[in-house]
Amino acid sequence: MNYSLRQLRVFVTVAQAKSFSRAGDIIGLSQSAVSHSVKELELQTGVRLLDRTTREVVLTEAGQQLALRLERLLDELSSTLREAGRVGQQLTGTVRVAASQTISAHLIPQCIASSNQRYPEIDFVLHDRPQQWVLESIRQGEVDFGIVIDPGPVSDFQSEEILEEPFFLLCRNDHPWAQLAAVPWSALDGARLVVQDYASGSRPLIDAALQHFSLQTAIVQEIGHPATLFPMVEAGIGISILPALALPLPQGSQLAVKRLVPGMQRKIMLVRRKNRSLSGAAQALWEVVKEQARCLNRARENDPLFTQT
């Protein structure tokens, strides 16, 4: 049968009001529209539901049984829909967020702390993984959303930029470049580099920058965890290029960080599956991450390392 929810609601209202005109006033339809809707329902069911006279509307036996059952079913449907609305807006439950290691170490702790204070009923669960794992876990629905370095044009993701930051040079503080205000990219020609491997979203950007400036460098070590860059450079194995979120330097290290000029930026993005809605709790944490990124940006406005030209 091809009947509509609107037809059922109109019929129940007529049964309760025992009048087409009163039913129309209740639901905001003309008397003729109400009458037409009931006639369509009778055609669909194949039985007469109402006996009409000039003064009143009387339910047939079939109409009485249908009206009684429909009242309960429509009440239950309304209750179910209201409950679904409440569930969609609930700020409770578990939200799983995936992020690469530098992002996890230097942005997510503040996000979790803010979330715990603002939404104590939401469990913020972090998955700290390399970028490619993060992207795949979003695709597979294993996490609600991720925070990654701009993956470029990817058709199955919906993304939002939250942070743009420069790359820096990392060297020992006894290196000649440690005395400069900034280091030109051209100075890196022939340098020995310690860099992250291709599990990092930054590595393709670093390669692109080296190619853009036509630099010939020697990659002497490729490492997985960004924290390993510091002892490698401090041991004199090479210099490194690292993003701002890899800072600050380890306490007591004999290292220097210098701005590379001209500035080359990377973008940090919030990413989720395209055409998939976030739960109310996940959307709340999405906004928390955006807010913490804005706070980080404001803090950098007073840092000479980020403001020098």
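For the protein chain, an unreviewed UniProt entry supplies the name DNA-binding transcriptional regulator, LysR family and the organism Kosakonia radicincitans. According to its UniProt record, the protein chain has this under Sequence similarities (unreviewed entry): "Belongs to the LysR transcriptional regulatory family."

Caption draft 1: Geometry of the layout of surface pockets. As a volume, the largest pocket reaches approximately 190 Å³. Lining the largest pocket are H106, A244, L245, L247, P248, L249, L296, A299, R300, D303, L305 and F306. Contributing elements (two or more residues each) for the lining of the largest pocket: α10 (280-300) and α11 (304-307). Take the lining of the largest pocket: its biggest share by element is three residues, from α10. Partitioning the lining of the largest pocket into residue classes produces nine nonpolar, one polar and two charged.

Caption draft 2: A look at the pairing of strand β9 (residues 218-223). In this sheet, β9 lies alongside strand β8 (residues 192-196) in parallel orientation, the contact comprising five bridges. Across the sheet, residue Q196 finds its bridge partner in β9, namely I223. Where the polypeptide runs from β8 across helix α8 (residues 203-212) and back to β9, its parallel neighbour, the crossover connection is right-handed.

Caption draft 3: How the structure looks around unusual backbone geometry. Of the consecutive residues L247 and P248, the connecting peptide bond is found in the cis state with omega at 10 degrees. Looking at where P248 falls in the secondary structure, it is placed in the loop between β10 (240-243) and β11 (255-261). Geometrically, the link from V261 to P262 is a cis peptide bond, its omega value of -5 degrees lying close to zero. Following the sequence through the fold, P262 ends up in the loop between β11 and β12 (265-273). Positive phi is not limited to glycine here, since K18 has a value of about 55 degrees.

Basis of the calculations
- Residues numbered from 1 in each chain as written.
- Predicted model: local features only at pLDDT ≥ 70, side-chain atom pairs only at ≥ 80, totals over all residues.
- Heavy atoms only, no water.
- UniProt positions renumbered as here; feature names shortened; annotations may be inferred.
- 1 Å grid on protein atoms, 1.4 Å probe; cavity = no way out; pocket = protein on both sides within 12 Å on 5 of 7 lines; lining within 4 Å.
- Points joined across faces, edges and corners; volume = space filled by probe spheres on them.
- Helix = DSSP H or I, 4+ residues; strand = E, 2+ residues; numbered from the N terminus.
- Nonpolar A, V, L, I, M, F, W, Y, C, P; charged D, E, K, R; others polar.
- Pairing = 2+ DSSP bridges.
- Right-handed = clockwise from strand over helix to strand, strands pointing away.

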